[in-house]
Amino acid sequence: MDDLTTSDKQILHRVLFAGPHLDNRGGISAVLNSYRDNLPEFHMLATNSLRGTVPGLVNFVRTLAGVAVLRALGYRILDVHGTTGKSWRRKSLLIRWAKMLGYKIVFHIHSGEFRKFTEEKGEDSLLPVFQRCDRVVFLTEKWKEYADSVFALGNSSVLNNMVDTPAVRRAPARHEPGAVLQFVYAGWFLREKGVFDLLDVLAEHAGYFRGRARIALCGRVNEDEVMAFIAAHDIADIADFRGWVDGEAKDRMFCGSDVMLLPSYFEGLPICLLEAMTYGMPVVATRVGGIPEIVDDGVNGRLITPGDRDALFEAMRYYIENRGEIARHGDEGRRRSQAFSPERIVGEFMRIISDL
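Rules of the game
Residues numbered from 1 in each chain as written. Predicted model: local features only at pLDDT ≥ 70, side-chain atom pairs only at ≥ 80, totals over all residues. Heavy atoms only, no water. Helix = DSSP H or I, 4+ residues; strand = E, 2+ residues; numbered from the N terminus. Polar contact = N/O pair within 3.5 Å; in protein donor to acceptor, adjacent residues only side chain to side chain. Contact = heavy atoms within 4.5 Å. Core = buried A, V, L, I, M, F, W, Y, C linked by side-chain atoms within 4.5 Å. Buried < 20%, exposed > 50% of the residue type's maximum accessible area, 1.4 Å probe, protein only. Axes fitted to C-alpha atoms, helices over the stretch in contact; angles between N-to-C directions. Parallel < 35°, antiparallel > 145°, perpendicular 65-115°, else oblique. Nonpolar A, V, L, I, M, F, W, Y, C, P; charged D, E, K, R; others polar. Phe/Tyr/Trp six-rings, centres within 6.5 Å; stacked < 30°, edge-to-face > 60°. Lys NZ or Arg CZ within 6 Å of the ring centre and 35° of its normal.

Enquirer: Which residues make up the side chain of His 108, and what values go with them?
Expert: Among the structural elements, His 108 can be located in strand β4 (residues 104-109). At 2.9 Å, the side chain of His 108 and the side chain of Asp 79 are in polar contact. Non-local contacts of His 108, meaning those with residues more than four positions away in its chain, are made with Tyr 35, Asp 79, Val 80, His 81, Gly 82, Val 137, Leu 159 and Phe 349.

Enquirer: Please provide a residue-by-residue account of the nonpolar core, values included.
Expert: With 84 residues, the main nonpolar core has Tyr 35, Leu 202, Phe 209, Leu 217 and Met 260 as its most contacted residues. Setting aside chain neighbours within four positions, we find Met 260 in contact with Val 184, Ala 186, Phe 254, Cys 272, Leu 273, Ala 276, Met 281, Pro 282, Val 283 and Val 284. Trp 88, Ala 98, Ile 105 and Tyr 146 belong to the second-largest nonpolar core, a separate cluster that totals 30 residues.

Enquirer: Let's hear about the packing of helix α15 (residues 309-321) against helix α16 (residues 323-336): which residues, and what values?
Expert: With their axes 4 Å apart at the nearest point, α15 and α16 run at an angle of 100° to one another. With respect to α16, the element α15 is oriented roughly perpendicular. Contacts between α15 and α16 involve Tyr 318, Tyr 319, Ile 320 and Glu 321 from the former and Arg 323, Glu 325, Ile 326 and His 329 from the latter. Its residues assigned to classes, the contact of α15 with α16 shows four nonpolar, one polar and three charged.

Enquirer: Quick rundown of the packing of aromatic side chains? Include the residues and the values.
Expert: Aromatic rings in a pair are described by how distant their centres are and how their planes are angled relative to each other. Counted under the stated rule, the structure contains 22 aromatic pairs. When the ring of Phe 17 is compared with that of Phe 349, the centres are 5.7 Å apart and the planes differ by 25°; the resulting orientation is stacked. Here the residue Phe 17 occupies a position in strand β1 (residues 15-19), and Phe 349 occupies one in helix α17 (residues 342-355), the gap between them amounting to 332 residues. Accessibility assignment for this pair places Phe 17 and Phe 349 in one class, buried. The rings of Trp 88, Phe 107, Phe 114, Phe 117, Phe 130, Phe 138, Trp 143, Tyr 146 and Phe 151 are connected pair by pair, giving a single aromatic cluster. Across from the ring centre of Tyr 103, 5.8 Å away, lies the NZ or CZ of Arg 71, which sits over that ring. The side chain of Lys 193 reaches across the aromatic face of Phe 266, ending 5.5 Å from its centre.

Enquirer: Residues and numbers for unusual backbone geometry, please.
Expert: Across residues other than glycine, the phi torsion is negative in most instances, and most of the peptide bonds are trans. In this structure, Asn 222 takes a positive phi of about 60° despite not being glycine. Following the sequence through the fold, Asn 222 ends up in the loop between β8 (213-218) and α11 (223-232). Backbone geometry places Asp 234, a non-glycine residue, at a positive phi of 55°. Tracing the backbone shows Asp 234 in the loop between α11 and β9 (239-243). Exposure remark for Asp 234: the relative accessible area of 57% places this residue in the exposed category.

Next comes the structure, spelled out in structure tokens:
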């Protein structure tokens, strides 16, 4: 990024990132790829492997050794990106080790289930990890407020995910009244993501959707179950299974889509919604995690309660029958997406790093 100062670049030369492999298919890897693409210097060690558990363990041990070697070579700040579950266990060990080596530590928490994880594990088991960090970063103000109230953090910040510039420069296709509307779901095929609620809605209201809308289903995990549902309910003409899409294929799909769907039961700050906003798509999503902080019902999308299939259908029907609202809500979403531009997020990231 050209507007970074010489001092900023010198600081980045001493920053080491740690997180999931950049080739992972997931939100944290997408965030880290954005940092890689938008920082003049980006140095990272992966804490897992794409080849499975045992190679992942080997790679984690290699990362622990690498952190020590790089500290001796002058790296001073470790920027750790993680979530809950197994990721938390790996990152807590890494943070403990890095603190012993003398690193300043920034811990980015990406989990949409942070509250549930805290309640399950107990505050006392998580607090030592936070106490070893020099800065704890949350994706939304809501998560920061919750963590501050529970753990009495005095070192927390909010830093949104960034959306890469190429997406911001694109504009979506516009369909005329009466044309088939293109919805898109992009995410894991998990029940917690609401994709099976969506499939139930398509099956129940197939007669209404035919000739009016198609829904592209993009993602991975449980692909066989999704395809079997589509076949069993004879909805292949409206449920367009795409599997995992990325790169140019994803870009083309987003450019040709009208409305993003994410009826999830939990989220942090979902990248797919931020990307949809940059393409000028309104979004139909749930009131969970950081979503209400970026989506206003009736302004740049529609918000529903998780699991409310009737509300999901009504939100989809709203855009089918009110085509003009697609452009109006999409334009507002694109305007709001500027808050997640690389220029803004990199600047905020540098302020956090510089303070250390």
